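Listed here are the chains, written in short residue letters.
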Amino acid sequence: MNRLVWFFSVGAVGLALATLTSAHSPSDQHVKIELISEQDGIVPHGKIWVGIRFDLQDGWHTYWVNPGDSGEAPRIEWELPEGFAAGAIQWPYPERLSTPPFADFGYEHQVLLIAAVQPPPGIKDEKSQRIAARVHYLVCRDVCIPGQKQLELTLPVKSLAVAGSNVQLFEATRRRLPQPAPESWKISAASLGDEFVLNLIIGRSAGAPQFFPLEEEQIENAAPQTANTIPGGFRLHLKKSRHLMKPLSRLRGVLVVGSGKAYRVDVPVSQSSSNVHTQS
Amino acid sequence: MKQNLWCGLFVALLLIYSISAYAQKIGDPAPEFQATDSNGQTHRLSEHRGKFVVLEWHNNGCPYTRKHYESGNMQRLQKEWTALGVIWFTVISSAPGQQGYVTAQQENDYLKQMNGSPTAALLDPQGVVGRLYSAKTTPHMFIINSAGLLIYDGAIDSKATTDKADIATATNYVSQALEEAMAGKPVTTPTSRPYGCSVKYAH
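Every value quoted in this text rests on a predicted model; they were computed, and no experiment measured them.

**A word on the overall build of chain B**
- The helix and strand tally for chain B stands at six helices and nine strands.
- Here the contacts in chain B between residues at least 6 apart in sequence split such that 74% fall between residues at least 24 apart.

And the structure:
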(Lines give C-alpha, C1' and ligand atoms only; values in the text may rest on other atoms or scores of the structure.)
Protein backbone atom coordinates (compact mmCIF):
# COMPACT_ATOMS: atom_id res chain seq x y z
CA MET A 1 0.00 0.00 0.00
CA ASN A 2 2.72 2.40 1.06
CA ARG A 3 4.60 1.51 -2.03
CA LEU A 4 1.57 2.32 -4.17
CA VAL A 5 1.17 5.77 -2.58
CA TRP A 6 4.87 6.42 -3.10
CA PHE A 7 4.59 5.36 -6.72
CA PHE A 8 1.74 7.76 -7.37
CA SER A 9 3.36 10.71 -5.61
CA VAL A 10 6.55 10.27 -7.59
CA GLY A 11 4.44 10.08 -10.73
CA ALA A 12 2.58 13.26 -9.79
CA VAL A 13 5.80 15.14 -9.00
CA GLY A 14 7.29 13.94 -12.28
CA LEU A 15 4.23 15.12 -14.17
CA ALA A 16 4.26 18.48 -12.40
CA LEU A 17 7.96 18.93 -13.22
CA ALA A 18 7.37 18.02 -16.85
CA THR A 19 4.53 20.55 -17.09
CA LEU A 20 6.66 23.19 -15.41
CA THR A 21 9.62 22.72 -17.69
CA SER A 22 7.53 22.57 -20.86
CA ALA A 23 6.38 26.14 -20.21
CA HIS A 24 10.02 27.22 -20.61
CA SER A 25 12.18 26.77 -23.63
CA PRO A 26 15.51 24.94 -23.23
CA SER A 27 17.40 28.16 -23.99
CA ASP A 28 15.99 29.85 -20.84
CA GLN A 29 18.88 28.75 -18.65
CA HIS A 30 21.40 30.37 -21.01
CA VAL A 31 19.71 33.71 -21.67
CA LYS A 32 17.28 36.00 -19.89
CA ILE A 33 15.27 38.30 -22.14
CA GLU A 34 13.30 41.32 -21.03
CA LEU A 35 11.38 44.18 -22.64
CA ILE A 36 12.29 47.49 -20.98
CA SER A 37 11.61 51.17 -21.57
CA GLU A 38 13.83 54.17 -21.07
CA GLN A 39 11.15 56.38 -19.56
CA ASP A 40 8.46 55.59 -17.01
CA GLY A 41 5.59 56.59 -19.27
CA ILE A 42 4.35 57.61 -22.70
CA VAL A 43 4.05 61.32 -23.43
CA PRO A 44 1.50 62.40 -26.06
CA HIS A 45 3.32 63.54 -29.25
CA GLY A 46 6.63 62.18 -27.98
CA LYS A 47 8.32 58.94 -28.96
CA ILE A 48 9.48 56.46 -26.38
CA TRP A 49 12.53 54.22 -26.60
CA VAL A 50 12.05 50.59 -25.72
CA GLY A 51 14.54 47.75 -25.89
CA ILE A 52 14.91 44.00 -25.72
CA ARG A 53 17.63 43.19 -23.21
CA PHE A 54 19.51 39.89 -23.55
CA ASP A 55 21.47 38.73 -20.50
CA LEU A 56 23.58 35.80 -21.66
CA GLN A 57 25.21 33.16 -19.56
CA ASP A 58 29.04 33.15 -19.77
CA GLY A 59 30.24 31.44 -22.93
CA TRP A 60 26.96 31.98 -24.82
CA HIS A 61 26.28 34.51 -27.54
CA THR A 62 23.55 35.81 -29.79
CA TYR A 63 23.87 37.54 -33.15
CA TRP A 64 24.20 40.86 -34.98
CA VAL A 65 22.00 41.81 -37.97
CA ASN A 66 24.59 40.05 -40.18
CA PRO A 67 25.39 36.95 -38.12
CA GLY A 68 28.48 36.02 -40.15
CA ASP A 69 29.37 32.42 -40.99
CA SER A 70 26.69 30.71 -38.90
CA GLY A 71 23.79 31.55 -36.62
CA GLU A 72 20.82 33.86 -37.02
CA ALA A 73 19.97 37.41 -35.96
CA PRO A 74 17.14 37.90 -33.44
CA ARG A 75 13.77 38.86 -34.97
CA ILE A 76 11.26 41.00 -33.15
CA GLU A 77 7.54 41.15 -33.97
CA TRP A 78 5.93 44.09 -32.23
CA GLU A 79 2.37 43.96 -30.98
CA LEU A 80 1.39 47.55 -30.36
CA PRO A 81 -1.83 49.39 -29.49
CA GLU A 82 -3.71 50.78 -32.48
CA GLY A 83 -2.01 53.76 -34.09
CA PHE A 84 1.39 53.05 -32.50
CA ALA A 85 4.38 52.46 -34.78
CA ALA A 86 7.78 50.95 -33.99
CA GLY A 87 10.94 52.08 -35.78
CA ALA A 88 13.76 49.83 -36.96
CA ILE A 89 16.00 48.06 -34.46
CA GLN A 90 19.19 49.99 -33.77
CA TRP A 91 21.98 47.40 -33.71
CA PRO A 92 25.00 48.16 -31.52
CA TYR A 93 28.25 47.22 -33.25
CA PRO A 94 29.08 43.55 -32.70
CA GLU A 95 32.04 41.56 -31.48
CA ARG A 96 33.91 39.32 -33.84
CA LEU A 97 33.35 35.80 -32.48
CA SER A 98 36.17 33.77 -33.91
CA THR A 99 36.26 29.98 -33.94
CA PRO A 100 38.64 29.12 -36.79
CA PRO A 101 37.91 28.41 -39.58
CA PHE A 102 34.80 30.54 -38.90
CA ALA A 103 33.94 34.01 -37.69
CA ASP A 104 30.51 35.08 -36.49
CA PHE A 105 29.34 38.58 -35.53
CA GLY A 106 27.39 38.91 -32.31
CA TYR A 107 27.15 39.70 -28.66
CA GLU A 108 28.26 38.06 -25.43
CA HIS A 109 27.21 38.84 -21.83
CA GLN A 110 24.63 41.56 -22.44
CA VAL A 111 23.07 43.46 -25.33
CA LEU A 112 20.13 45.82 -25.61
CA LEU A 113 18.37 46.10 -28.98
CA ILE A 114 16.54 49.42 -28.98
CA ALA A 115 13.75 50.84 -31.13
CA ALA A 116 11.67 54.00 -30.99
CA VAL A 117 7.92 53.66 -30.56
CA GLN A 118 5.74 56.53 -31.75
CA PRO A 119 2.27 56.88 -30.21
CA PRO A 120 -0.55 58.21 -32.38
CA PRO A 121 -1.41 61.90 -32.15
CA GLY A 122 -4.24 62.74 -29.78
CA ILE A 123 -3.53 59.92 -27.34
CA LYS A 124 -5.38 60.47 -24.03
CA ASP A 125 -3.45 60.42 -20.82
CA GLU A 126 -5.79 58.40 -18.64
CA LYS A 127 -5.19 54.96 -20.07
CA SER A 128 -2.22 52.61 -19.75
CA GLN A 129 -0.83 51.17 -22.94
CA ARG A 130 0.46 47.65 -23.53
CA ILE A 131 3.56 47.22 -25.66
CA ALA A 132 4.32 43.61 -26.49
CA ALA A 133 6.92 41.83 -28.57
CA ARG A 134 7.49 38.31 -29.74
CA VAL A 135 11.21 37.65 -29.98
CA HIS A 136 12.66 34.82 -32.06
CA TYR A 137 16.30 34.23 -31.26
CA LEU A 138 19.20 31.82 -31.36
CA VAL A 139 21.80 31.44 -28.62
CA CYS A 140 24.97 29.44 -29.17
CA ARG A 141 28.05 28.28 -27.34
CA ASP A 142 29.55 25.23 -29.06
CA VAL A 143 25.95 24.16 -29.68
CA CYS A 144 22.96 26.30 -30.65
CA ILE A 145 19.49 26.55 -29.14
CA PRO A 146 16.66 28.47 -30.78
CA GLY A 147 14.00 30.14 -28.65
CA GLN A 148 10.90 32.29 -28.73
CA LYS A 149 9.72 34.65 -26.06
CA GLN A 150 6.54 36.66 -25.62
CA LEU A 151 7.29 39.86 -23.70
CA GLU A 152 5.18 42.76 -22.58
CA LEU A 153 5.31 46.08 -20.84
CA THR A 154 2.46 48.30 -19.63
CA LEU A 155 3.12 52.01 -19.51
CA PRO A 156 0.92 54.88 -18.34
CA VAL A 157 0.29 57.85 -20.58
CA LYS A 158 1.45 61.02 -18.78
CA SER A 159 2.08 64.61 -19.63
CA LEU A 160 5.56 64.34 -18.18
CA ALA A 161 7.63 61.15 -18.22
CA VAL A 162 10.93 60.79 -16.41
CA ALA A 163 13.88 58.56 -17.12
CA GLY A 164 13.62 55.28 -15.29
CA SER A 165 16.34 53.09 -13.85
CA ASN A 166 17.21 51.79 -17.34
CA VAL A 167 18.43 55.10 -18.72
CA GLN A 168 22.13 54.30 -18.23
CA LEU A 169 21.81 51.11 -20.19
CA PHE A 170 20.08 52.95 -23.05
CA GLU A 171 22.84 55.59 -22.99
CA ALA A 172 25.58 52.96 -23.02
CA THR A 173 23.83 51.25 -25.93
CA ARG A 174 23.68 54.50 -27.93
CA ARG A 175 27.45 54.87 -27.54
CA ARG A 176 27.80 51.54 -29.37
CA LEU A 177 25.53 52.52 -32.26
CA PRO A 178 27.31 53.30 -35.54
CA GLN A 179 27.43 57.05 -36.22
CA PRO A 180 27.74 58.89 -39.54
CA ALA A 181 31.40 59.25 -40.50
CA PRO A 182 32.90 62.66 -39.59
CA GLU A 183 32.88 65.13 -42.49
CA SER A 184 36.66 65.37 -42.53
CA TRP A 185 37.03 61.67 -43.27
CA LYS A 186 37.55 60.30 -46.75
CA ILE A 187 36.61 56.68 -47.27
CA SER A 188 36.86 54.87 -50.57
CA ALA A 189 36.74 51.27 -51.72
CA ALA A 190 38.31 49.44 -54.63
CA SER A 191 38.06 45.93 -55.98
CA LEU A 192 41.54 44.53 -56.53
CA GLY A 193 41.85 40.87 -57.49
CA ASP A 194 40.46 38.75 -54.69
CA GLU A 195 40.34 41.69 -52.28
CA PHE A 196 38.36 44.79 -51.49
CA VAL A 197 40.63 47.57 -50.35
CA LEU A 198 39.17 50.20 -48.04
CA ASN A 199 41.14 53.45 -48.03
CA LEU A 200 40.40 55.13 -44.73
CA ILE A 201 41.64 58.71 -44.48
CA ILE A 202 40.44 58.99 -40.92
CA GLY A 203 43.52 60.15 -39.06
CA ARG A 204 45.53 58.06 -36.66
CA SER A 205 43.93 55.96 -34.00
CA ALA A 206 45.22 53.52 -31.48
CA GLY A 207 44.89 50.03 -32.89
CA ALA A 208 43.72 48.95 -36.32
CA PRO A 209 40.18 49.58 -37.54
CA GLN A 210 37.85 46.63 -38.07
CA PHE A 211 35.14 46.36 -40.71
CA PHE A 212 31.85 44.52 -40.19
CA PRO A 213 29.90 44.02 -43.44
CA LEU A 214 26.17 44.72 -43.23
CA GLU A 215 25.41 42.27 -45.98
CA GLU A 216 26.12 38.57 -46.05
CA GLU A 217 28.49 36.79 -48.42
CA GLN A 218 30.47 39.83 -49.55
CA ILE A 219 33.71 39.14 -47.70
CA GLU A 220 35.26 36.05 -46.14
CA ASN A 221 34.32 36.73 -42.53
CA ALA A 222 37.13 34.70 -40.98
CA ALA A 223 39.95 36.05 -43.17
CA PRO A 224 42.31 38.39 -41.29
CA GLN A 225 41.70 42.07 -42.05
CA THR A 226 45.17 43.49 -42.61
CA ALA A 227 45.48 47.23 -41.93
CA ASN A 228 48.47 49.08 -43.39
CA THR A 229 49.17 52.63 -42.30
CA ILE A 230 49.09 55.16 -45.15
CA PRO A 231 49.42 58.94 -44.99
CA GLY A 232 46.41 60.21 -43.05
CA GLY A 233 45.01 56.85 -42.08
CA PHE A 234 44.80 53.17 -42.96
CA ARG A 235 44.37 50.84 -45.85
CA LEU A 236 42.26 47.86 -44.85
CA HIS A 237 42.39 44.65 -46.89
CA LEU A 238 39.22 42.53 -47.00
CA LYS A 239 39.14 39.15 -48.71
CA LYS A 240 36.25 38.75 -51.14
CA SER A 241 33.72 36.02 -50.43
CA ARG A 242 34.02 33.08 -52.78
CA HIS A 243 30.23 33.31 -53.05
CA LEU A 244 30.40 36.71 -54.71
CA MET A 245 29.19 36.10 -58.25
CA LYS A 246 29.32 39.58 -59.78
CA PRO A 247 31.14 42.85 -59.14
CA LEU A 248 29.92 44.56 -56.02
CA SER A 249 28.69 48.11 -56.59
CA ARG A 250 28.66 49.29 -52.96
CA LEU A 251 30.28 48.20 -49.75
CA ARG A 252 28.14 48.85 -46.70
CA GLY A 253 29.08 48.14 -43.15
CA VAL A 254 30.29 49.36 -39.82
CA LEU A 255 33.83 50.52 -39.12
CA VAL A 256 35.02 50.16 -35.55
CA VAL A 257 38.09 52.27 -34.76
CA GLY A 258 40.60 51.76 -32.00
CA SER A 259 38.80 53.95 -29.51
CA GLY A 260 35.76 51.66 -29.56
CA LYS A 261 33.62 53.98 -31.65
CA ALA A 262 31.66 52.76 -34.63
CA TYR A 263 30.87 54.55 -37.89
CA ARG A 264 28.66 53.78 -40.85
CA VAL A 265 30.39 53.08 -44.15
CA ASP A 266 28.47 53.08 -47.43
CA VAL A 267 30.74 53.63 -50.41
CA PRO A 268 30.77 52.72 -54.10
CA VAL A 269 33.36 50.13 -55.07
CA SER A 270 35.62 51.15 -57.94
CA GLN A 271 36.80 48.32 -60.13
CA SER A 272 40.36 49.66 -60.37
CA SER A 273 42.68 51.44 -57.97
CA SER A 274 43.24 54.43 -60.29
CA ASN A 275 39.65 55.65 -60.19
CA VAL A 276 38.71 55.78 -56.54
CA HIS A 277 35.36 57.14 -55.39
CA THR A 278 35.16 58.71 -52.00
CA GLN A 279 32.63 59.10 -49.26
CA SER A 280 32.91 62.55 -47.70
CA MET B 1 70.37 24.26 -38.51
CA LYS B 2 68.81 27.69 -38.17
CA GLN B 3 68.60 27.91 -41.94
CA ASN B 4 66.78 24.59 -42.06
CA LEU B 5 64.31 25.86 -39.51
CA TRP B 6 63.54 28.98 -41.56
CA CYS B 7 63.31 26.88 -44.68
CA GLY B 8 60.86 24.54 -42.96
CA LEU B 9 58.83 27.47 -41.69
CA PHE B 10 58.71 28.95 -45.18
CA VAL B 11 57.47 25.68 -46.67
CA ALA B 12 54.90 25.35 -43.89
CA LEU B 13 53.64 28.89 -44.49
CA LEU B 14 53.49 28.28 -48.21
CA LEU B 15 51.46 25.13 -47.60
CA ILE B 16 49.05 26.93 -45.27
CA TYR B 17 48.74 29.73 -47.79
CA SER B 18 48.07 27.43 -50.72
CA ILE B 19 45.46 25.49 -48.72
CA SER B 20 43.65 28.59 -47.53
CA ALA B 21 43.90 30.24 -50.93
CA TYR B 22 42.27 27.21 -52.45
CA ALA B 23 38.56 27.77 -52.23
CA GLN B 24 36.66 26.36 -55.13
CA LYS B 25 34.25 28.70 -56.85
CA ILE B 26 31.16 28.06 -58.91
CA GLY B 27 32.20 26.64 -62.27
CA ASP B 28 35.49 25.23 -60.92
CA PRO B 29 36.11 21.47 -60.85
CA ALA B 30 34.82 20.15 -57.52
CA PRO B 31 37.72 18.86 -55.38
CA GLU B 32 38.20 15.10 -55.49
CA PHE B 33 37.68 13.26 -52.21
CA GLN B 34 37.59 9.77 -50.84
CA ALA B 35 35.51 8.85 -47.80
CA THR B 36 34.04 5.85 -46.03
CA ASP B 37 30.30 5.54 -45.52
CA SER B 38 28.35 4.18 -42.55
CA ASN B 39 28.37 0.70 -44.15
CA GLY B 40 32.15 0.65 -44.49
CA GLN B 41 32.14 1.28 -48.23
CA THR B 42 34.59 3.71 -49.81
CA HIS B 43 33.37 6.40 -52.20
CA ARG B 44 35.28 8.70 -54.50
CA LEU B 45 33.69 11.70 -56.14
CA SER B 46 35.30 10.85 -59.49
CA GLU B 47 33.46 7.48 -59.57
CA HIS B 48 30.27 9.42 -60.21
CA ARG B 49 31.38 11.49 -63.18
CA GLY B 50 28.41 11.63 -65.57
CA LYS B 51 25.95 12.05 -62.71
CA PHE B 52 24.85 14.96 -60.58
CA VAL B 53 26.15 14.77 -57.01
CA VAL B 54 24.63 16.53 -53.99
CA LEU B 55 26.65 16.99 -50.77
CA GLU B 56 24.62 17.67 -47.64
CA TRP B 57 26.52 18.60 -44.46
CA HIS B 58 24.79 17.04 -41.49
CA ASN B 59 24.63 17.23 -37.67
CA ASN B 60 21.65 15.42 -36.15
CA GLY B 61 21.65 17.65 -33.02
CA CYS B 62 21.64 20.97 -34.87
CA PRO B 63 18.22 22.70 -34.76
CA TYR B 64 18.53 23.75 -38.44
CA THR B 65 19.24 20.16 -39.51
CA ARG B 66 16.39 18.94 -37.30
CA LYS B 67 14.04 21.42 -38.97
CA HIS B 68 14.61 19.67 -42.30
CA TYR B 69 14.59 16.09 -40.93
CA GLU B 70 11.71 16.28 -38.42
CA SER B 71 9.57 17.86 -41.12
CA GLY B 72 10.61 15.12 -43.56
CA ASN B 73 11.81 17.74 -46.04
CA MET B 74 15.37 16.41 -46.39
CA GLN B 75 14.25 12.79 -46.75
CA ARG B 76 11.71 13.84 -49.41
CA LEU B 77 14.46 15.63 -51.38
CA GLN B 78 16.77 12.60 -51.04
CA LYS B 79 14.07 10.25 -52.38
CA GLU B 80 12.98 12.59 -55.14
CA TRP B 81 16.44 13.30 -56.53
CA THR B 82 18.07 9.88 -56.09
CA ALA B 83 15.07 8.44 -57.98
CA LEU B 84 16.14 10.67 -60.87
CA GLY B 85 19.70 9.28 -60.78
CA VAL B 86 21.29 11.94 -58.56
CA ILE B 87 23.99 10.74 -56.12
CA TRP B 88 23.25 12.18 -52.67
CA PHE B 89 25.97 12.11 -50.01
CA THR B 90 25.14 13.13 -46.45
CA VAL B 91 28.49 14.18 -44.95
CA ILE B 92 29.13 14.21 -41.19
CA SER B 93 32.21 16.24 -40.24
CA SER B 94 31.56 16.55 -36.48
CA ALA B 95 34.69 15.56 -34.54
CA PRO B 96 34.51 12.87 -31.80
CA GLY B 97 33.03 14.43 -28.64
CA GLN B 98 31.31 17.19 -30.61
CA GLN B 99 27.62 17.58 -31.37
CA GLY B 100 26.55 15.43 -34.31
CA TYR B 101 29.45 12.96 -34.12
CA VAL B 102 28.16 9.44 -34.76
CA THR B 103 29.57 5.95 -35.11
CA ALA B 104 28.66 3.99 -38.23
CA GLN B 105 26.08 2.01 -36.26
CA GLN B 106 24.51 5.15 -34.77
CA GLU B 107 24.22 6.71 -38.21
CA ASN B 108 22.58 3.59 -39.66
CA ASP B 109 20.11 3.55 -36.76
CA TYR B 110 19.39 7.24 -37.33
CA LEU B 111 18.80 6.77 -41.06
CA LYS B 112 16.45 3.87 -40.34
CA GLN B 113 14.56 5.78 -37.67
CA MET B 114 14.25 8.95 -39.77
CA ASN B 115 13.59 7.14 -43.05
CA GLY B 116 16.61 8.86 -44.55
CA SER B 117 17.60 7.70 -47.99
CA PRO B 118 20.79 9.36 -49.19
CA THR B 119 22.94 7.31 -51.56
CA ALA B 120 25.36 7.08 -48.61
CA ALA B 121 26.23 8.81 -45.35
CA LEU B 122 29.94 9.66 -45.39
CA LEU B 123 31.74 9.69 -42.04
CA ASP B 124 34.31 12.50 -41.94
CA PRO B 125 35.28 12.81 -38.24
CA GLN B 126 38.66 14.36 -39.15
CA GLY B 127 36.86 17.04 -41.16
CA VAL B 128 38.98 16.34 -44.26
CA VAL B 129 36.14 16.53 -46.78
CA GLY B 130 34.51 19.38 -44.82
CA ARG B 131 37.63 21.54 -44.90
CA LEU B 132 38.30 20.64 -48.53
CA TYR B 133 34.92 22.13 -49.45
CA SER B 134 35.01 24.85 -46.77
CA ALA B 135 31.71 23.50 -45.45
CA LYS B 136 30.57 26.07 -42.90
CA THR B 137 27.21 25.02 -41.56
CA THR B 138 24.71 22.24 -41.18
CA PRO B 139 22.97 21.99 -43.53
CA HIS B 140 25.44 23.41 -46.10
CA MET B 141 24.62 22.10 -49.58
CA PHE B 142 26.81 21.65 -52.67
CA ILE B 143 25.86 20.40 -56.14
CA ILE B 144 28.35 19.01 -58.64
CA ASN B 145 27.24 18.54 -62.25
CA SER B 146 27.83 15.57 -64.53
CA ALA B 147 31.08 17.16 -65.77
CA GLY B 148 32.43 17.32 -62.21
CA LEU B 149 32.02 21.09 -61.90
CA LEU B 150 30.62 22.86 -58.87
CA ILE B 151 27.25 24.45 -59.75
CA TYR B 152 25.76 25.25 -56.33
CA ASP B 153 27.28 26.21 -52.96
CA GLY B 154 25.03 27.50 -50.20
CA ALA B 155 21.87 27.10 -48.15
CA ILE B 156 19.20 24.49 -48.62
CA ASP B 157 16.55 27.19 -49.06
CA SER B 158 15.78 30.88 -48.79
CA LYS B 159 14.51 31.01 -45.19
CA ALA B 160 17.29 30.98 -42.61
CA THR B 161 15.25 29.91 -39.59
CA THR B 162 14.67 26.87 -37.39
CA ASP B 163 10.90 27.06 -37.98
CA LYS B 164 9.46 24.07 -39.87
CA ALA B 165 6.51 26.22 -41.02
CA ASP B 166 8.92 28.28 -43.17
CA ILE B 167 9.79 25.32 -45.44
CA ALA B 168 6.54 25.53 -47.40
CA THR B 169 7.04 29.17 -48.38
CA ALA B 170 10.82 29.06 -48.94
CA THR B 171 12.52 28.69 -52.32
CA ASN B 172 14.46 25.44 -52.26
CA TYR B 173 17.77 26.37 -53.91
CA VAL B 174 18.89 22.73 -54.27
CA SER B 175 15.81 21.61 -56.19
CA GLN B 176 15.84 24.80 -58.22
CA ALA B 177 19.49 24.37 -59.23
CA LEU B 178 19.05 20.66 -60.05
CA GLU B 179 15.93 21.31 -62.14
CA GLU B 180 17.59 24.11 -64.06
CA ALA B 181 20.93 22.34 -64.59
CA MET B 182 19.26 19.09 -65.68
CA ALA B 183 17.23 21.06 -68.23
CA GLY B 184 20.46 22.58 -69.54
CA LYS B 185 19.62 26.03 -68.17
CA PRO B 186 21.90 28.30 -66.17
CA VAL B 187 21.39 28.14 -62.41
CA THR B 188 19.50 31.22 -61.16
CA THR B 189 20.93 31.15 -57.65
CA PRO B 190 24.33 29.41 -57.69
CA THR B 191 25.42 30.69 -54.24
CA SER B 192 23.72 31.80 -51.05
CA ARG B 193 24.62 32.15 -47.39
CA PRO B 194 24.70 28.58 -46.04
CA TYR B 195 22.65 29.13 -42.91
CA GLY B 196 22.70 26.89 -39.84
CA CYS B 197 24.97 25.74 -37.01
CA SER B 198 28.71 25.88 -37.58
CA VAL B 199 30.25 22.54 -38.60
CA LYS B 200 31.75 21.05 -35.42
CA TYR B 201 35.31 20.46 -36.61
CA ALA B 202 38.06 19.26 -34.28
CA HIS B 203 39.89 22.26 -32.81
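Okay, back to it.
**Digging into helix α6 (residues 173–182) of chain B**
All names here are of chain B.
- What α6 keeps buried is the set Tyr173, Val174, Ala177 and Leu178. Considered in projection along α6, the buried side chains sweep an arc of 130° and stay on one side of the axis.
- Packing partners of the buried residues in α6 comprise β3 (53–57), α3 (73–83), β7 (141–144) and β8 (150–154).
- Of the residues flanking the end of α6, it is Gly184, one or two places downstream, whose phi is positive at about 75°.

**Structural notes on the sheet that holds strand β1 (residues 31–37) of chain A**
Residues and elements named next belong to chain A.
- The strand order β1-β2-β8-β5 describes an open sheet built from four strands, whose pairing is antiparallel. Both outer strands of the open sheet, β1 and β5 (85–86), are each paired with one neighbouring strand and no more.
- Pairing between β5 and strand β8 (residues 110–118): two bridges, direction antiparallel. Bridging from a neighbouring strand, Ala85 pairs with Gln118 of β8.
- Running over the sheet, helix α2 (residues 167–175) touches β2 (48–56) and β8 and is turned about 95° from β8.

**Description of the interface of chain B and chain A**
- Listed by partner, the interface residues are 21 residues for chain B and 15 residues for chain A.
- The residue makeup of the side of chain B that touches chain A, split by class, is eight nonpolar, nine polar and four charged.

**Comments concerning the sheet that holds strand β14 (residues 226–230) of chain A**
Residue and element names in this part refer to chain A.
- A sheet is described by the order of its strands in space; here seven strands give the open sequence β13-β16-β17-β11-β12-β15-β14, paired in mixed fashion. In this open sheet, the two edge strands, each paired with only one partner strand, are β13 (210–213) and β14. Averaged over neighbouring strand pairs, the angle between their axes works out to 30° when direction is ignored.
- Taken together, the six bridges between strand β12 (residues 195–201) and strand β15 (residues 233–239) define a ladder with antiparallel strand orientation. The partner of Asn199 across the bridge, within β15, is Arg235.

**Details of the pairing of β8 of chain B**
Residues and elements named next belong to chain B.
- Among the five residues that make up β8, five are buried, leaving the element largely enclosed by the rest of the structure.
- Of the pairings in the sheet, the one linking β7 to β8 comprises four bridges and is antiparallel in character. Bridge pairing links Ile143 to Tyr152 in β8.
- In textbook terms, the turn of a hairpin is the stretch between consecutive antiparallel strands, and for β7 and β8 this stretch comprises five residues, one of which, Gly148, has a positive phi near 85°.

**Regarding the domain arrangement of chain A**
Residues and elements named next belong to chain A.
- According to the domain assignment, chain A contains domain 1 (27–175) and domain 2 (186–270).
- The C-alpha-based centres of domain 1 and domain 2 are spaced at 28 Å.
- Taken together, the contact pairs 13 residues of domain 1 with 11 residues of domain 2.
- Elements with a minimum of two residues in the side of domain 1 that touches domain 2: β3 (61–68), β6 (95–99) and β7 (102–108).

**With respect to the environment of Ser146 of chain B**
Residue and element names in this part refer to chain B.
- Along the chain, the position of Ser146 falls in the loop between β7 and β8.
- A C-alpha to C-alpha distance of 7.7 Å links Ser146 and Val53, two positions 93 residues apart in sequence.
- Excluding anything up to four places from it in sequence, Ser146 contacts Gly50, Lys51 and Phe52.

**Here's the deal with the nonpolar core**
- Ranked by size, the top nonpolar core spans 95 residues in total, and within it Val54, Ile143 and Val174 of chain B carry the most contacts.
- Residue assignment places this core across two domains, with domain 1 (27–175) and domain 2 (186–270) of chain A each supplying three or more.
- Residues within four places of Val174 of chain B in sequence aside, it is in contact with Val54, Leu77, Met141, Ile143, Tyr152 and Ile156 of chain B.

**A word on the confidence of the model for chain A**
- When pLDDT is averaged along chain A, the result is 88, and 88% of the positions lie at 70 or above.
- The model gives residues 273–277 of chain A a pLDDT under 50, and that stretch makes 11 contacts with residues more than four places away or in other chains.

**Observations concerning the confidence of the model for chain B**
Residue and element names in this part refer to chain B.
- Per-residue confidence for chain B gives a mean pLDDT of 91, with 89% of residues at or over 70.
- Between residues 5–21, whose pLDDT stays under 50, and residues either more than four places distant or in other chains, the model counts zero contacts.
- Note on the complex model: pTM 0.87, ipTM 0.85.

**Remarks on the environment of Val102 of chain B**
All names here are of chain B.
- Looking at where Val102 falls in the secondary structure, it is placed in the loop between β4 (87–92) and α4 (104–114).
- Each C-alpha atom of the pair Val102 and Ser46 lies 26 Å from the other, and the pair is 56 residues apart in sequence.
- When near neighbours in sequence (up to four residues on either side) are disregarded, Val102 contacts Asn60, Ile92, Glu107 and Tyr110.

Calculation notes
Sequence positions are assigned chain by chain, starting from 1 and proceeding in written order. Written order determines the labels here, with chains lettered from A and ligands numbered from 1. Thresholds applied to this predicted model are a pLDDT of at least 70 for local features of residues and 80 or more for the giving and counting of side-chain atom pairs; totals over whole chains, interfaces and linings are not thresholded and use all residues. Numbering of helices and strands starts at the N terminus; helices are DSSP runs of H or I of at least 4 residues and strands are runs of E of at least 2. Whether two residues are in contact depends on their C-beta atoms, placed from the backbone: they are in contact if these lie within 7 Å. Burial in this document is a count-based property: other C-beta atoms within 10 Å of a residue's C-beta are tallied, and the residue is buried at 20 or more, exposed at 12 or fewer, or partly exposed in between, with C-beta positions derived from the backbone. It is the directions from the helix axis to the C-beta atoms that the arc portrays. Two strands are counted as paired when DSSP detects at least two bridges linking them. Interaxial angles span 0 to 180 degrees and are taken between N-to-C directions of axes, which are lines fitted to C-alpha atoms, for helices over the stretch in contact. Residues are grouped as follows: Ala, Val, Leu, Ile, Met, Phe, Trp, Tyr, Cys and Pro are nonpolar; Asp, Glu, Lys and Arg are charged; every other residue, Gly included, is polar. Annotation comment: domain bounds sourced from an automatic or database domain assignment. Nonpolar core, as used here: buried Ala, Val, Leu, Ile, Met, Phe, Trp, Tyr and Cys residues forming one set through C-beta atoms within 7 Å. Every residue carries a pLDDT, the predictor's confidence in it, which falls somewhere between 0 and 100.

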